[in-house]
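Residues per chain, in single letters:
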Amino acid sequence: MKFGVVIFPGSNCDMDSFYVIKEVLKEEVEYIWHQDTDLEGFDCIILPGGFSYGDYLRCGAIARFSPVMSAVRDFASKGGLVIGICNGFQILLEAGMLPGAMLRNTSLRFICKFVNVRVENDQTPWTNHAHKGMVLRIPIAHNEGNYTADEETIRRLEGEGRVILRYCDEKGEVTPESNPNGAMQNIAGICNREFNVFGLMPHPERSSEDILGSTDGKVIWDSVVEYLNQKA
Amino acid sequence: MEENSEQVRYAVYITPKRGVLDPQGQAALQALKALGYGEVDDVRIGKYIILSLKGDGAKEERVREMCEKLLANPIIEDYEVSME
Amino acid sequence: MEENSEQVRYAVYITPKRGVLDPQGQAALQALKALGYGEVDDVRIGKYIILSLKGDGAKEERVREMCEKLLANPIIEDYEVSME
Amino acid sequence: MAELYEELGLTSEEYDSICEILGREPNKVELGMYSLMWSEHCSYKSSKLVLKMLPTTMPHVILGPGENAGIVDIGGGYAVAFKMESHNHPSAVEPYQGAATGIGGIVRDIFTMGARPILCVDPLRFGDPSNPRTRYLVKGVVAGIAGYGNCLGIPTVAGDLYFHPCYEENPLVNVMCLGIMRTSDIIKGVATGVGNAVILIGNRTGRDGIGGASVLASQEFDERSAEKRPSVQVGDPFTEKLLIEACLELLKGGLLVGLQDLGAAGISCACSETASRGHVGMEVHVDRVPLREEMEPFEIMISESQERMLAVAEPEKVDQVLEVCHRWGLNAVVIGQVIEGNRLVGYWYGEKVFDVPVDSLAHGPTYRREARKPAYLDEVQSFDPSTIKHPSDCNQLLLQMISSPNLCSRRYIYEQYDHMIQLNTVIYPGSDAAVIRIKGTSKGLAVTCDGNGRYVYLDPYLGTQIAVAEAARNIIASGGVPLAITDCLNFGNPEKPEIFWQFTESVRGLADAARALEMPVVSGNVSFYNETYGEAIHPTPVVGMVGLIGTISNRRSIAFPQDDLLVVLLGQTFSELGGSEYLFYIHGITAGNPPSIDMDVAKRIHATCIEGIRRGLILSAHDCSEGGLGVALLECCMAGMIGAEIEVETDLEPQEWLFSESQSRFVVTVQKSKLELIDELAKRRRIPYSVLGKTGGNRLRINDWVDLDVGEAFQVWDQALEKILS
Ligand SMILES: Nc1ncnc2c1ncn2[C@@H]1O[C@H](COP(=O)(O)OP(=O)(O)O)[C@@H](O)[C@H]1O
Ligand SMILES: [Mg+2]
């Protein structure tokens, strides 16, 4: 099983994702340069957090044109697993691989803190180790995580069980107070229709070791590993 | 950088789509009201992009293309183009 | 929000001052070139703000004031105001 | 030229000495270069002699002051490089960009040594927060630090924040960065090897921050002077991020001989300093510098455009260097070469435009300034805090204290900083020192900064000693052993004897305290002329300190960890309200003598706490400082949401016991069964200690003075800053 972590100019959680796959999961992992187009042999591609191209025009707007992204699209269309974390999620949105868009946090401030998210669907490659309703304590760190989409899209996402994570309070209640950025329906993470492309604002790589205060993010990695093992 | 006679300039105006939340605009509205500008009813904040293009000929089509592809996000933004 | 007959709209155009680094514009320029728009010589990115004001009467002075005080940062930005 | 030097800030003696060095009058380019390089900021001409007092060498110091950053060995083949800098004036003009470019500058100082930056720290000082301009400055500065640091992916893990009216017009924005490297990877900012190429990497050069020297332009371009205006520096963190990765890759590949960041005085400074360190000359082709706009040679040489680096490489490696830079999307151009001799020579399309001795630029003049004890001192020190009338409701007082702008939670700030990225932060901001693990080892680092300007104003020598001691306590309470210091010395105009006296006394305090606690000062920065309309800020030395945690599981937080532990005070509380937050916030007074400190006692108490933690006897620890014991106890409760029952006997007034800021105290928790061992430890080291009570419940009770619900207090403390700033 091999993971790939894409490096866009300005990515800055690339090393963190790499570290967790290699040192915590003890799985094989390689970096993929944004100009590379050969994804042969990879099972799961991680689009890491950061500020690709400085996020200067719009988050993810420029990165989506990187040569690697057309390869990632092909990879996904053949059923490969793709996870976009934070900036990676924003890139997936800009690339149209997931629906919707990100607006600035309603506070207009960058927010870095632990939040609670509720698992809404445990029948995906990303959550098979979790159970529906489970509350995960995972950090966020972003300026623009205020998810928005038109009504029709939201209806579809909800109807098809594609909202995977939702901001909630400690008890799992989805409340306005527990929504850190204004995202519609408290959405923290969504999938494509086939469930092999996953975008989320929280950083599972930041909560995969005890010493960092939470291992709740590891549920997501464990799910991926389980899924890939089953498939193999 | 250098300006020459053959340069044309286009202005692109990008605005948040109607119905899409504009957190920045809302914040500015509140701040203006707090500063005593009670007459302000609404604020929308978008982008103003100035493109300098080489050569001549009709460019507007190309600029629209740039907007569609890169400069604006059609899900949340509208745009207009005008020659300067 | 609701538009009424007495509402006036002003557009504010904010641009990075001449000579001031515009990293956003530079990034967009590079991206456009990479996308094949070699004709683009320069990109400057600023803000486009639409203000809706209540009531009538000459408002432009007030809008300029808002720019000075809040909307623009006169140290690194220039601005222009026009009635829509 | 002669009439210009004054406008450029040079004295007539300095101008004469330039003429003497050159054997002729300088031309416009040379004059511009000297005026910048001989400025206080670049030359340290007023501070050099005084700074000699500081202890800078110890066995673990790999590199002391003089380079871009100090480097300290932390064992196991690793070293850390760190330094603190000021960006006060740019931040006063444009808070967001000023603070952002401050981060950019200090980060370059670190990776230029070959270290990967792993954390930033941001000590901040502002005026009265009831002033709207102060709030605007705070928000802008914090957003700027966030905007730049977050984009780089370097966690800002610690800092501090004080408000006092003396900083109204002149806020202090100091920034510190720390990087880690293998000891074998250290590289210096030095040019050697005649024939080696000098390469400029990064952003194009514009008219950024040319400042005072723009008079050189306006002399000739009056009608166009508006266009020639210097620009405020705008940060470009994206380019800086690429620079970090590209430079570290170049260094790892062994492609460089030397590397130097560009900061103040731009290319002039980078070229003359690297050449001077390498005892060589350098030739610069100014016309090859990539520009953002049309500029003259003197402007190019002194421009402070951000996100640029100067690299020196052997000719056969130049292509590889350029290839790496281009792959990272960076400009990289050979602008010159190392030459024999000792001159820095510049050409503009083949024509010689400057020719000066390298060392004369790199090492400006040195002054022995006059120092005189300021008259205000006797008056403020004669104030007797025992004459004030205390409000009687201590419960209310404590609540008021924790909502003071200087004591309330800093969450509003550090939540805007990505303080978790890189997966190393294991004690978050909000405790004493931040703690960073070192992956691949069992070690960690503790980092903090301190500097109470009020204390230093009231007694520069003592106040600065306290800053060092407090920083050390923060490190120790977090489980670390203090390793080394960096500092940023923020003062007024050094040409005023009173200011210079403050400066000298303060440095003496820093030196003595560092010696007493056996720590070297390995890097730092002096920021003078922090004055507005002739009014100086409080003298404000800020101490940044790094400590080593041998075993990361020995890290400690301030939070009471569980019920039924004994709350023990190491050290002793005296009637010392002089200079306290209580006097300032409740009574509006900045006067009295700051708390006394006996460095010998301090050392023994520090050693006790270190040993107590190492042996696992001390389960949580909190340094007791501003706000006193009352505030410290409540902070321990709020951090863990666990209350405490405190019963004490004392001759002090309750308000004195609660708010006195006596030094060398730690609030620690221990298991009842371990008290005997603590007692033994304390006796062995002859230190005073007392059992204050025990943890438990959800209220903090102190005698019949205080009875607060911890959760309610938390709300007040946690929300205060956001309320104050909105
Ligand atoms: N400007 C800031 N940026 C980041 N963290 C800060 C800032 N100011 C304070 N903090 C953090 O808040 C906590 C309390 O700060 P402070 O009261 O100065 O601590 P102490 O009194 O123990 O030195 C520390 O963890 C500190 O690092
Ligand atoms: Mg402190």
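Residues numbered from 1 in each chain as written. Chains lettered and ligands numbered in written order. Predicted model: local features only at pLDDT ≥ 70, side-chain atom pairs only at ≥ 80, totals over all residues. Heavy atoms only, no water.

Quick look at helix H18 (residues 460-477) of chain D
Now for step 1: Over its 18 residues, H18 of chain D extends 25 Å from the first C-alpha to the last, a length consistent with the 26 Å expected when each residue adds 1.5 Å.
Now for step 2: Extensive coverage of H18 of chain D is indicated by the burial of 18 of its 18 residues. (Helix = DSSP H or I, 4+ residues; strand = E, 2+ residues; numbered from the N terminus. Expected span 1.5 Å × (residues − 1). Buried < 20%, exposed > 50% of the residue type's maximum accessible area, 1.4 Å probe, protein only.)

Observations concerning unusual backbone geometry
Residues and elements named next belong to chain D.
Now for step 1: Unlike most non-glycine residues, Leu 423 shows phi in positive territory, near 60 degrees.
Now for step 2: Summarising the element assignment, Leu 423 is placed in the loop between helix H16 (411-414) and strand S14 (425-427).
Now for step 3: Taking relative accessible area as the criterion, Leu 423 reaches 1% and is therefore assigned buried.
Now for step 4: One non-glycine residue with positive phi stands out, namely Tyr 533, at about 45 degrees.
Now for step 5: With respect to the helices, strands and loops of the structure, Tyr 533 is situated in the loop between strand S19 (531-532) and strand S20 (535-536).

Quick word on the coordination of the magnesium ion (ligand 2)
All names here are of chain D.
Now for step 1: For the magnesium ion (ligand 2), the protein coordination sphere consists of Asp 450 (OD) and Glu 470 (OE), at 1.9 to 2.5 Å. Linking Asp 450 in strand S16 (residues 444-450) with Glu 470 in helix H18, this pair joins segments that are 20 residues apart in sequence. Here the two residues Asp 450 and Glu 470 agree in accessibility, since each one is buried. (Donors = N, O, S within 2.8 Å, 3.2 Å for Na, K, Ca; no water.)

Structural notes on the packing of aromatic side chains
Now for step 1: According to the stated counting rule, one finds 23 aromatic pairs over all chains in the structure shown.
Now for step 2: Taken together, a centroid distance of 5.1 Å and an interplanar angle of 75 degrees make the contact between Trp 348 of chain D and Tyr 349 of chain D edge-to-face.
Now for step 3: Judged by relative accessible area, Trp 348 of chain D falls into the partly exposed class, the value being 22%.
Now for step 4: On the numbers, 5.1 Å between centres and 10 degrees between planes, the contact of Tyr 582 of chain D with Phe 659 of chain D is stacked. Of this pair, Tyr 582 of chain D sits in helix H20 (residues 581-587) while Phe 659 of chain D sits in helix H23 (residues 654-659), placing them 77 residues apart in sequence. Take Tyr 582 of chain D and Phe 659 of chain D: they sit in the same class, and that class is buried.
Now for step 5: Linked through ring pairs, Tyr 13 and Tyr 48 of chain B together with Tyr 13 and Tyr 48 of chain C together constitute an aromatic cluster. (Phe/Tyr/Trp six-rings, centres within 6.5 Å; stacked < 30°, edge-to-face > 60°.)

Thoughts on the site of ligand 1
Residue and element names in this part refer to chain D.
Now for step 1: For ligand 1, the set of nearby residues contains 17 residues, the closest of which are Asp 122, Gly 430, Asp 432, Asp 450 and Asn 474.
Now for step 2: A distance of 3.3 Å separates a nitrogen atom of ligand 1 from a polar atom in the backbone of Asp 160.
Now for step 3: Separating an oxygen atom of ligand 1 from a side-chain N or O atom of Asp 450 is a distance of 3.0 Å.
Now for step 4: Contact with the protein chains covers 89% of the free accessible surface of ligand 1, which is 550 Å².
Now for step 5: Here the shell around ligand 1 takes four residues from strand S5 (residues 156-163), the largest share from any one element.
Now for step 6: By residue class, the composition of the shell around ligand 1 is six nonpolar, five polar and six charged. (Near = heavy atom within 4 Å. Polar contact = N/O pair within 3.5 Å; in protein donor to acceptor, adjacent residues only side chain to side chain. Areas by Shrake-Rupley, 256 points an atom, 1.4 Å probe, with all protein chains shown as cover. Nonpolar A, V, L, I, M, F, W, Y, C, P; charged D, E, K, R; others polar.)

Examining the sheet that holds S16 of chain D
Residues and elements named next belong to chain D.
Now for step 1: Read across the open sheet, the six strands follow the order S14-S15-S16-S21-S17-S18; overall the sheet is mixed. Of all the strands in the sheet, the pair left with one neighbour each is S14 and strand S18 (521-527). When the angles between neighbouring strand axes are averaged without regard to direction, this sheet yields 25 degrees.
Now for step 2: Pairing geometry for strand S17 (residues 481-490) and S18, over six bridges, is parallel. Among the inter-strand pairings, Thr 486 is bridged to a residue of S18, identified as Ser 523. (Pairing = 2+ DSSP bridges. Axes fitted to C-alpha atoms, helices over the stretch in contact; angles between N-to-C directions.)

Regarding the relation of the copies chain C and chain B
Now for step 1: After a rotation of 180 degrees and a shift along the axis of 0.0 Å, chain C superposes on chain B with an RMSD of 0.2 Å. Here the transformation between the copies is reduced to the relation of a two-fold axis.
Now for step 2: Take the interface residues of chain C: 100% of them recur as interface residues in chain B, which is what a same-surface contact looks like. (Least-squares fit on C-alpha atoms with pLDDT ≥ 70 in both. Contact = heavy atoms within 4.5 Å.)

Considering the domain arrangement of chain D
Now for step 1: The assigned domain composition of chain D is domain 1 (1-38 + 187-364) and domain 2 (403-408 + 556-726).
Now for step 2: Look at where the C-alpha atoms of domain 1 of chain D and domain 2 of chain D centre, and you get two points 52 Å apart. (Domains from an automatic or database assignment.)

Considering the interface of chain C and chain B
Now for step 1: At the interface, 37 residues of chain C touch 38 residues of chain B.
Now for step 2: Between chain C and chain B, the buried area comes to about 3,300 Å², and carbon and sulfur atoms account for 57% of it.
Now for step 3: If you sort the residues of chain C by the area they bury against chain B, Tyr 37, Glu 39 and Tyr 48 of chain C come out on top, with a joint share of 20%.
Now for step 4: One can count four salt bridges joining chain C with chain B. (Buried area = accessible area lost by both parts, 1.4 Å probe. Salt bridge = Lys/Arg side-chain N within 4 Å of Asp/Glu carboxyl O.)

Considerations on the pairing of strand S3 (residues 44-47) of chain A
Residue and element names in this part refer to chain A.
Now for step 1: In S3, alternate side chains face the same way, and those of Cys 44 and Ile 46 on one face and Ile 45 and Leu 47 on the other are all buried.
Now for step 2: Of the strand pairs in this sheet, strand S1 (residues 2-7) and S3 are connected by three bridges, and their pairing is parallel. Counted as the bridge partner of Gly 4 is Ile 45 from S3.
Now for step 3: As paired strands, S3 and strand S4 (residues 81-85) are joined by four bridges and run parallel to one another.

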